[in-house]
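Observations on chain architecture
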Amino acid sequence: MDLSALKPDLGYMKKVLLDLLAIPCPTGFTDRAVYYVCEQLEALGVEYELTRRGTIRAHLRGAQPNMPDRAIVTHLDTIGAMVREIKDNGRIAITPIGHWSSRFAEGARVSIYGDHSTVRGSVLPLFAAGHAFNEAVDTQPVNWDQIEVRVDENISSADEARKFGIEVGDIVAFDPNPEWLENGYIVSRHLDNKAGTAVLLTSIKMMKEANVVLPISCHPIFTLSEEVGSGAGHALDDLVTEFVGIDIGPVAEGQAAQEHGVTVAMKDSSGPFDYHLTRHLIRLCRDNKIPHQRDVFRFYYSDAVSAVQAGHDIRHALLTFGTDATHGYERTHVSSLNSLAKLLVHYMASPPAIAGDVNEQARLTEFTHQLAAEDITEQTTLLPKPKDVF
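The structure displayed is predicted, hence computed values, not measured ones. Along every chain, residues carry numbers that run from 1 in the direction the sequence is written. Selection of residues for local features in this predicted model requires a pLDDT of at least 70, selection of side-chain atom pairs for listing and counting requires 80 or more, and totals for whole chains, interfaces and linings are taken over all residues. Only hydrogens and water are set aside when side-chain values are computed; all heavy atoms of the structure are taken into account.

1. Some points on the side chain of Ser102
Let me state the cut-off plainly: Helical segments are the DSSP runs of H or I of at least four residues, strand segments are the runs of E of at least two, and each set is numbered from the N terminus. Residues adjacent in sequence count toward polar contacts only when both atoms are side-chain atoms; beyond that, a polar contact is any pair of N or O atoms within 3.5 Å, and within protein one must be able to donate a hydrogen and the other to accept it.
With respect to the helices, strands and loops of the structure, Ser102 is situated in the loop between strand 5 (92-97) and strand 6 (109-113). For Ser102, the side chain forms a polar contact with the main-chain nitrogen of Asn143, separated by 3.2 Å.

2. Describing the packing of helix 1 (residues 10-21) against helix 2 (residues 31-43)
Short version of the rule: A fitted line through C-alpha atoms represents every axis, and for helices the fit uses only the stretch in contact; the resulting angles, taken between N-to-C directions, go from 0 to 180 degrees. What sets the label is the angle itself: under 35 degrees gives roughly parallel, over 145 gives roughly antiparallel, 65 to 115 gives roughly perpendicular, and the rest give oblique. Should the near helix be turned anticlockwise from the far one by less than a right angle, the crossing is left-handed, and should it be turned clockwise, the crossing is right-handed. We call two residues contacting when some pair of their heavy atoms lies within 4.5 Å. Under the grouping applied here, Gly and all other residues not named as nonpolar or charged are polar, the nonpolar ones being Ala, Val, Leu, Ile, Met, Phe, Trp, Tyr, Cys and Pro and the charged ones Asp, Glu, Lys and Arg.
Contact pair helix 1 / helix 2: the axes reach a minimum separation of 11 Å and the direction vectors enclose 160°. Judged by the angle between their axes, helix 1 and helix 2 are roughly antiparallel. Seen from above, helix 1 lies across helix 2 with right-handed handedness. Along the contact surface, helix 1 presents Tyr12, Lys15, Val16, Asp19 and Leu20, while helix 2 presents Tyr36, Val37 and Gln40. The class makeup of the residues in the contact of helix 1 with helix 2 is five nonpolar, one polar and two charged.

3. As for the packing of helix 7 (residues 275-287) against helix 9 (residues 334-348)
The geometry of a pair of packed helices is captured by two quantities: the angle between their axes and the separation between those axes. For the pair helix 7 and helix 9, interaxial distance at closest approach is 10 Å and the crossing angle is 115°. The angle between helix 7 and helix 9 places the two elements in the roughly perpendicular class. The two elements helix 7 and helix 9 meet at a crossing, and its hand is right-handed. Contacts from Leu277, His280, Leu281, Leu284 and Cys285 of helix 7 reach helix 9 at Leu343, His346 and Tyr347. Of the residues that constitute the contact of helix 7 with helix 9, the class distribution is six nonpolar, two polar and no charged.

4. Looking at the confidence of the model for the protein chain
Applicable threshold: For every residue, the predictor states its confidence as a pLDDT score lying anywhere from 0 to 100.
Per-residue confidence for the protein chain averages 92 on the pLDDT scale, and 95% of its residues sit at or above 70. In this model, residues 373-390 is a region of pLDDT below 50 whose contacts with residues beyond four sequence positions or in other chains number two contacts.

Put into structure tokens, the structure is as follows:
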């Protein structure tokens, strides 16, 4: 089948993304998102199972059950905050969920989810009134101790705040304020990683509707705690040998990621991604004319790494959609999501990156080569000859 003829259903992708953005789900508060994704998988006719905490493991069966399986992984949780203290004046001090700067929290509208009630509020710096604090507004430090939530209720004391159901440990979810512009730009908080989730579901829809036969089984996985570093540690079985994560690619000075095309991560803060699987993905981009670029992320952590650090003997890689102002006022472009969806389809329909990975232990006669023999010979002849030691 000519996979190049398959086109992502952008109407479906947009609906799923906007639906997900409307569901608040900071790490630890993801149940509603789990229900939503399971409903989408059922509508697509995809088998799945839930772990006790709600990680979703879906199953797309391959034609060769005796081959290694692969997993494509996205996460449902987002950054957010939690009530740390109810101040004497009724204002709320918060602590971040996930790693992000309080600079991007200032001015946000939020919901505080208590055990039995929900209240609305705004995140403000302690010096929020220019007419009262004058130039001190501009010199106030930037950190989580310098902001607070002003609740939109008649509250002037800690006791009054508690009467509205506010308690320490309540989840604080930040409004996404999404905009899908006619020129293709998408602006919202929490594109990380609801955009990645929408892309994965869109690629599954493409495969199912076209009745594409997969050579090996693929397991789309939706994790719940990537933002705190433990998302995929427990989500894999022993049959999975290839793990491709989907996440944001930071667009900034000094980075190669772009808001158009797929950005293939070569390394993050934990070290390089798997040489062979990464280049398998790059070849798929080249062979199928999918716009792409490579990048290295210095201050970055993802589910792909958590799976390796949990002890899984897998090849891991990371595909990203370029996103400006990550963990802040995020922006990407539909062309990047479109390219990513196409690449996922080609990847799911491709043979294993390394056929020998079906064996639990590698055989030297079948072991991989990072350069072809002729390339090794050519490069060796270019090396300077060693000088005599004496």
